[in-house]
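Topology and contacts: notes
Okay, here's what each chain looks like letter by letter:
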Amino acid sequence: MSTSDQETKLYVPSEAAVKAAHVSGMDAYRKLCDEADADYEGYWARLAREFVAWKQPFTQVLDESNAPFFKWFADGTLNVSYNCLDRNVEQGRGDKVAIIFEADDGKVTRVTYNELLTQTSQLANALRSMGVKKGDRVVIYMPMSVEGVVAMQACARIGATHSVVFGGFSAQSLRDRIEDAGAVMVITADEQMRGGKQLPLKAIVDEALSLGGCDTIRNVVVYQRTGGKVAWGARDKWLHDVVAGQAITCEPEWVEAEHPLFLLYTSGSTGKPKGVQHAGGGYLLHAALTTKWTFDLKPEDVFWCTADIGWVTGHTYIAYGPLANGGTQIVFEGVPTYPDAGRFWKMIQDHKVTIFYTAPTAIRSLIKAAESNADVHPREYDLSSLRLLGSVGEPINPAAWEWYHLNIGGGRCPIVDTFWQTETGGHMITPLPGATPLVPGSCTLPFPGIMAAVVDETGKDVPWGQGGILVVKKPWPSMIRTIWGDPERFKKSYYPADFQGKYYLAGDGAIRDAKTGYFTITGRIDDVLNVSGHRMGTMEIESALVSCTELVAEAAVVGRPDDTTGEAICAFVVLKRPRPTGEEARQIAKQLRDWVGKEIGPIAKPKDIRFGDNLPKTRSGKIMRRLLRSIAKGEQITQDTSTLENPAILDQLSQSN
Ligand code: 6R9
């Protein structure tokens, strides 16, 4: 087990920052934690009344009667879109800019809360007119756009459950999600623009629907983004046509707090991606609360979260959290490297961004770019508007943290390293900028009211300074409710018998500093990889590889550390033909990479593919992945290989193709 003793320098918030913050100083932080300790339900109930506008106020707080299927605020009713839009208009923020949209080509559009409400209401009316009802699932396969956010809000407005699928997923992945969700509609765009290129979306939807199993789909609504050519069928409708003539007001559907706001598919350690189901009431509370406290959001801020709405970060910190607080935010269509790798810095300068939230992988690649091209170095830009930085998606290594702090934050902006997951709905372990002293590489302390702990295999707390398994000891409002259509898998994955079904298992390892108790996440403890902040199941990639039945006999996938992407995918493949070498090996590797790209999406393409006559297996036939992990890293094999059936294979696999 690893040990930890943070001797590193602490970054203490300035007096001015403490004074101005919503959670002001460590005493205020501790007071909130104490309040939650003393009266857990009372604490969350107080915040739920403060942060959420309820139609029918709740009288129950936490219902544990059917644990681990917990319910929060179950007899309350609300509408999430009302909370994000109407409430701001009613409180006099109708003319405030909600979204500053910057397109791939640099064109900027500003949308006020009034306009966002009108667009959402018109689309909501259109969806209703097409027969979409409360509880129906709508798949959203959209580029980063105002229309994407409007689509999510419109679903929320009529009580439809959205399932956003990242625009980089393949037709096959999209099909699987549509089928699993039993969706009645897909909302998409003709094409998306990324880095100056047009990429098809509607054509991929057409392909997905042609693969079969999507009979529940009645309509495909298409936002015309580029005007590129698309095929057209009877069920296809242009977005501009379906909203034309719709009333500009729309009575929200008042739904129970537990009503599913969305499903979001994410990779697990086994099998197919799982549809993580979130409930509107508790989710909205945590989205609103964490946006305000972790980002210390103020009315005058310009907030920018660079995530895509296809990931949970884009749900909580673009589509819901900033709007629920009446904030102004940037929505960016493009990529950080187009037209050059100074794009992020130029946008911060142009829009006077005050809070910037991005992923370590983006920071690491922009460090590389800045080091090799002085023109795109952040010092060439005026970043003085920034007051707070954030990081999410994977551990941020101290060197990248320091660079981010110095070069982007000018040495004056705190960095909130926010640990959380698709399943947790919002931040779980994170500094609060006007309170927590920072240590590079540590996500510091639990958000007030989140009972995070590090335990051993039996669920017993391990002492600080000793590594273990990250769990959450009490249910919290924005937690996953179930896996869509698979409650057994939900129980097994998150409330395993190891902990008597009592603790939420995050799937990550963690260690608390021996002196400060600060958390450092040590990475996944299951077969989930984190590539550029994207979750990928090794099994998912393996099954994609072996589904290439013409070529592949067997495949094993592991991760290896990568300077830029955090982890890189490394595949060991046994072909149905003799082991190829040289040019032939390169060609087949490319063919297999493209295959995986088509099966799952470009993000799942293995970086390394190695061919062997066999894979290292135990005598009982189990693939020894720990050996493959060492080989992938280029390490000498020092582990015990005595149970290995075919030791000679290690040498063969160690030679790169
Ligand atoms: C929000 C999001 C979740 C997994 C999680 C962990 C890793 C996320 C992190 C972090 C270290 C952080 N992770 N944030 N690890 N420090 N600040 O990323 O959700 O896509 O579901 O991924 O990402 O391994 O378990 P999701």
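Residues numbered from 1 in each chain as written. Predicted model: local features only at pLDDT ≥ 70, side-chain atom pairs only at ≥ 80, totals over all residues. Heavy atoms only, no water.

Per an unreviewed UniProt entry, the protein chain goes by Acetyl-coenzyme A synthetase and derives from Caldimonas mangrovi. Turning to the protein chain, the UniProt record has this under Cofactor (unreviewed entry): "Mg(2+)". (UniProt positions renumbered as here; feature names shortened; annotations may be inferred.)

The next point concerns the packing of aromatic side chains. On inspection of all chains with the given rule, the structure shows 38 aromatic pairs. Note on Trp 304 and Phe 332: the rings are 5.9 Å apart at their centroids and 85 degrees apart in plane angle, and the pair reads as edge-to-face. Here Trp 304 is found in strand β16 (residues 302-305), whereas its partner Phe 332 is found in strand β17 (residues 328-332), with 28 residues between them in sequence. When sorted by exposure, Trp 304 lands in the same class as Phe 332, which is buried. By the ring-pair criterion, three or more aromatic residues cluster together here, those being Tyr 40, Tyr 43, Trp 44, Trp 54, Phe 58, Trp 72 and Phe 73. The ring of Phe 169 carries the charged tip of Arg 177 above its face, separated from the ring centre by 4.3 Å. Directly above the ring of Tyr 40 sits Lys 474, whose terminal nitrogen or CZ lies 5.0 Å from the centroid. (Phe/Tyr/Trp six-rings, centres within 6.5 Å; stacked < 30°, edge-to-face > 60°. Helix = DSSP H or I, 4+ residues; strand = E, 2+ residues; numbered from the N terminus. Buried < 20%, exposed > 50% of the residue type's maximum accessible area, 1.4 Å probe, protein only. Lys NZ or Arg CZ within 6 Å of the ring centre and 35° of its normal.)

Neighbouring the ligand are 17 residues, the closest being Asp 417, Thr 418, Thr 422, Asp 508 and Arg 535. Side-chain polar atom of Gln 421 to an oxygen atom of the ligand: 2.9 Å apart, as the coordinates give it. For the ligand, whose free accessible area comes to 530 Å², the fraction covered by protein is 95%. Every element with two or more residues in the shell around the ligand is listed here: α11 (312-324), β20 (415-418) and β25 (519-524). (Near = heavy atom within 4 Å. Polar contact = N/O pair within 3.5 Å; in protein donor to acceptor, adjacent residues only side chain to side chain. Areas by Shrake-Rupley, 256 points an atom, 1.4 Å probe, with all protein chains shown as cover.)

Within this numbering scheme, the UniProt entry marks residues 29-84 as carrying the feature "domain: Acetyl-coenzyme A synthetase N-terminal" (unreviewed entry). Along residues 29-84 the backbone is 48% helical and 11% strand, and the end-to-end C-alpha distance reaches 26 Å.

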